[in-house]
Amino acid sequence: MIGWPTGTRIWLAAGVTDMRKGFDGLAALVQTQLAEDPFSGHVFVFRGRRGDRVKLLWWSGDGVCLFAKRLERGRFVWPQAAGGTVLLSGAQLSMLLEGIDWRRPARTWQPTMAA
């Protein structure tokens, strides 16, 4: 996982996105539909219609980076809203990219008593 600079916000674009879009197409979506600045240094996450692909757009300070991931099995957990954005933490983004439900993570073990 990439270590984002301090203060970087991670925006998840609700709804579906045409995964044929590249750098310029996704930057245009950030400006027009999300009303954000694609050159702000924040990360913008988009999901395809089938739910098995995501793309991340990030301005690193000297260029735009485009990261893509396809799950071989399962789907990325996404909000039901048709539009808008959701602000994620770095930990939530890591869970999302692993195919884990980032909305309701559950601990597998809870201590009951200190010995």
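Since the model is a prediction, treat every value here as computed from it, not as a measurement.

Trainee: An account of the packing of aromatic side chains is requested, with residue identities and associated values reported.
Mentor: Scanning the model with the defined rule gives 3 aromatic pairs in all. Between the aromatic rings of Trp4 and Phe67, the centroid separation amounts to 6.3 Å while the plane-to-plane angle is 70°, which identifies the pairing as edge-to-face. Within this pair, whereas Trp4 is found in the segment before strand S1 (10-13), its partner Phe67 is found in strand S4 (residues 64-70), the two being separated by 63 residues in sequence. Trp4 sits in the buried class, given a relative accessible area of 17%.

Trainee: Talk me through the sheet that holds strand S2 (residues 43-47); I want residue IDs and the actual numbers.
Mentor: With respect to topology, 5 strands assemble into an open sheet ordered S4-S3-S2-S1-S5, the strand pairing being mixed. Each edge of the open sheet is held by one strand with a lone partner, namely S4 and strand S5 (85-88). On average, adjacent strands in this sheet sit at an angle of 25° to one another, irrespective of strand direction. Helix H2 (residues 90-97) contacts S1, S2, strand S3 (53-59), S4 and S5 of the sheet and is inclined by roughly 110° relative to S5.

Trainee: Kindly report on the pattern of salt bridges, identifying the contributing residues and their values.
Mentor: Overall, the coordinates contain 5 salt bridges when judged by the stated rule. Among the ionic pairs, Arg20 bridges to Asp18, the shortest N-O distance being 2.9 Å. Using a relative accessible area of 74% as the deciding quantity, one classes Arg20 as exposed. A salt bridge links Asp52 to Arg53; the shortest N-O distance between them is 3.8 Å. Assessed through its relative accessible area of 32%, Arg53 is described here as partly exposed. Taken together, the shared-partner salt bridges in this structure form one network comprising Arg50, Asp52 and Arg53.

Trainee: Account for the environment of Phe76, naming residues and giving values.
Mentor: Looking at where Phe76 falls in the secondary structure, it is placed in the loop between S4 and S5. In sequence terms Phe76 and Trp109 are 33 residues apart; their C-alpha atoms lie 25 Å from each other. Ignoring sequence-local partners within four residues, the contact set of Phe76 consists of Arg47, Gly51, Asp52, Arg53, Val54, Lys69, Leu71, Leu96 and Leu97.

Trainee: I'd like a rundown of the pairing of S2, residues and numbers included.
Mentor: Of all 5 residues in S2, 5 are buried, a share of seventy percent or more. The two faces of S2 match: Val43, Val45 and Arg47 on one face and Phe44 and Phe46 on the other face are all buried. Taken together, the 3 bridges between S1 and S2 define a ladder with parallel strand orientation. Counterpart to Leu12 in the pairing with S2 is Val45. Each parallel crossover has a hand, and for S1 linked through helix H1 (residues 23-32) to S2 it is right-handed. Of the pairings in the sheet, the one linking S2 to S3 comprises 5 bridges and is antiparallel in character. Counterpart to Phe46 in the pairing with S3 is Lys55. Here S2 hands over to S3 after 5 residues, with Gly51 in that stretch at a positive phi of 90°.

What counts, and at which threshold
Residues numbered from 1 in each chain as written. Predicted model: local features only at pLDDT ≥ 70, side-chain atom pairs only at ≥ 80, totals over all residues. Heavy atoms only, no water. Phe/Tyr/Trp six-rings, centres within 6.5 Å; stacked < 30°, edge-to-face > 60°. Helix = DSSP H or I, 4+ residues; strand = E, 2+ residues; numbered from the N terminus. Buried < 20%, exposed > 50% of the residue type's maximum accessible area, 1.4 Å probe, protein only. Pairing = 2+ DSSP bridges. Axes fitted to C-alpha atoms, helices over the stretch in contact; angles between N-to-C directions. Contact = heavy atoms within 4.5 Å. Salt bridge = Lys/Arg side-chain N within 4 Å of Asp/Glu carboxyl O. Right-handed = clockwise from strand over helix to strand, strands pointing away.

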